[in-house]
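# Coordinate inspection notes
So you can see what is in the structure, the chains are spelled out below.
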Amino acid sequence: QKELIDINALCDEYLRLAYHGYRAKDKSFNAQLNTSFDSTIQKITVVRQDIGRAILNLLNNALYAVHQKSKHNSAGHQPTITIATKNINGKIEIRIRDNGNGISAAVREKIFQPFFTTKPTGEGTGLGLSLAYDIITKAHGGEINVESKEGVGSEFIVRLPV
């Protein structure tokens, strides 16, 4: 059931949902949330729940990454998540960036495979990114890529056709 949606509103809603869900598990966790939404983006036709689920999975991973970094190594580390949208050449781009520990090249090759996870047993199924990949690429004809620098953070780039 594809419907016309405001992708900026959806991204904003799921950012807050992910953050409050994460904080419900760990009240001591805080992160800076940044948004940069392109106001020229028209409504797009997608399956709202599916795109929402894909964005939620990406945001949950970003929150996990910044939380791990703040817990384990960086005094003065301010966990930060940024979500941005942009209308580029007839595609809607959604960028989700974190300042966590980043992803090694060896792990980056496998992250979209079903059941692959770097999380401890019981903390991740390894299905979040593979599900996001299928929703974005197969169900919506889009693409998803990741850029990451170890020790600095990661950025997931989703492009959806208009």
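The coordinates are above.
This section reports on the structure supplied with the text. Given the structure is predicted, the values throughout are model-derived calculations rather than measurements. (Residues numbered from 1 in each chain as written. Predicted model: local features only at pLDDT ≥ 70, side-chain atom pairs only at ≥ 80, totals over all residues. Heavy atoms only, no water.)

Right, let's get into the overall build of the chain. When helices and strands are counted, the chain shows four helices and seven strands. Its helices and strands in sequence order give the chain the pattern β-α-β-β-α-β-β-α-α-β-β, from N to C terminus. Since a compact globule built from 162 residues should have a radius of gyration of about 15 Å, the 15 Å found for the chain is in line with a globular shape. Its C-alpha atoms put the chain at 40 × 30 × 25 Å along the principal axes. Residue pairs in contact within the chain that sit at least 24 positions apart in sequence constitute 68% of those at least 6 positions apart. Of the roughly 8600 Å² of accessible surface on the chain, 48% is carried by carbon and sulfur atoms. Averaging the positions of the 20 positive and the 16 negative side-chain charges in the chain gives two centres separated by 2 Å. (Helix = DSSP H or I, 4+ residues; strand = E, 2+ residues; numbered from the N terminus. Rg over C-alpha atoms; globule rule 2.2 N^0.38 Å. Contact = heavy atoms within 4.5 Å. Areas by Shrake-Rupley, 256 points an atom, 1.4 Å probe, with all protein chains shown as cover. Lys, Arg positive; Asp, Glu negative; His and termini not counted. Charge placed at Lys NZ, Arg CZ, Asp CG, Glu CD.)

Regular strands show a simple pattern: their side chains alternate between the two faces of the sheet. Summarising burial for strand 7 (residues 153-161): seven of the nine residues are buried, a large majority. Here strand 5 (residues 91-98) pairs with strand 7 via eight bridges, running antiparallel. Counterpart to Lys 91 in the pairing with strand 7 is Pro 161. In this sheet, strand 7 lies alongside strand 6 (residues 143-149) in antiparallel orientation, the contact comprising seven bridges. Each bridged residue has a counterpart across the sheet, and for Ser 148 the counterpart in strand 7 is Ser 154. Two successive antiparallel strands, strand 6 and strand 7, enclose a turn made up of three residues, where Gly 151 displays a positive phi of approximately 85 degrees. (Buried < 20%, exposed > 50% of the residue type's maximum accessible area, 1.4 Å probe, protein only. Pairing = 2+ DSSP bridges.)

This part takes up the layout of surface pockets. The space that makes up the largest pocket amounts to roughly 920 Å³. Considering the residues around the largest pocket, the lining is formed by 32 residues, among which Asn 61, Tyr 64, Ala 65, Thr 118 and Lys 119 are closest to the centre. Contributions of two or more residues to the lining of the largest pocket are made by helix 1 (7-25), helix 2 (48-72), helix 4 (128-139) and strand 7. Among the elements that take part in the lining of the largest pocket, helix 2 stands out by supplying nine residues, more than any other. Its residues assigned to classes, the lining of the largest pocket comprises 11 nonpolar, 15 polar and six charged. (1 Å grid on protein atoms, 1.4 Å probe; cavity = no way out; pocket = protein on both sides within 12 Å on 5 of 7 lines; lining within 4 Å. Points joined across faces, edges and corners; volume = space filled by probe spheres on them. Nonpolar A, V, L, I, M, F, W, Y, C, P; charged D, E, K, R; others polar.)

For Asn 57, the location among the structural elements is in helix 2. A relative accessible area of 16% means that Asn 57 is categorised as buried. Those residues in contact with Asn 57 that lie beyond four places of it in its chain are Gly 128 and Leu 131.

Strand order in the open sheet made by the five strands is 2-4-5-7-6, with mixed pairing throughout. Strands with a single pairing partner mark the edges of an open sheet, and in this sheet they are strand 2 (32-36) and strand 6. Across the sheet, the mean angle from the axis of one strand to that of its neighbour is 15 degrees, orientation sign disregarded. By the bridge criterion, eight bridges tie strand 4 (residues 80-88) to strand 5 in an arrangement that is antiparallel. In the sheet register, Thr 82 faces strand 5, and the bridge partner there is Arg 97. Sitting on the sheet, helix 2 is in contact with strand 4, strand 5, strand 6 and strand 7, with an inclination near 25 degrees to strand 5. Contacting strand 6 and strand 7, helix 4 runs over the sheet at an angle of about 135 degrees to strand 6. (Axes fitted to C-alpha atoms, helices over the stretch in contact; angles between N-to-C directions.)

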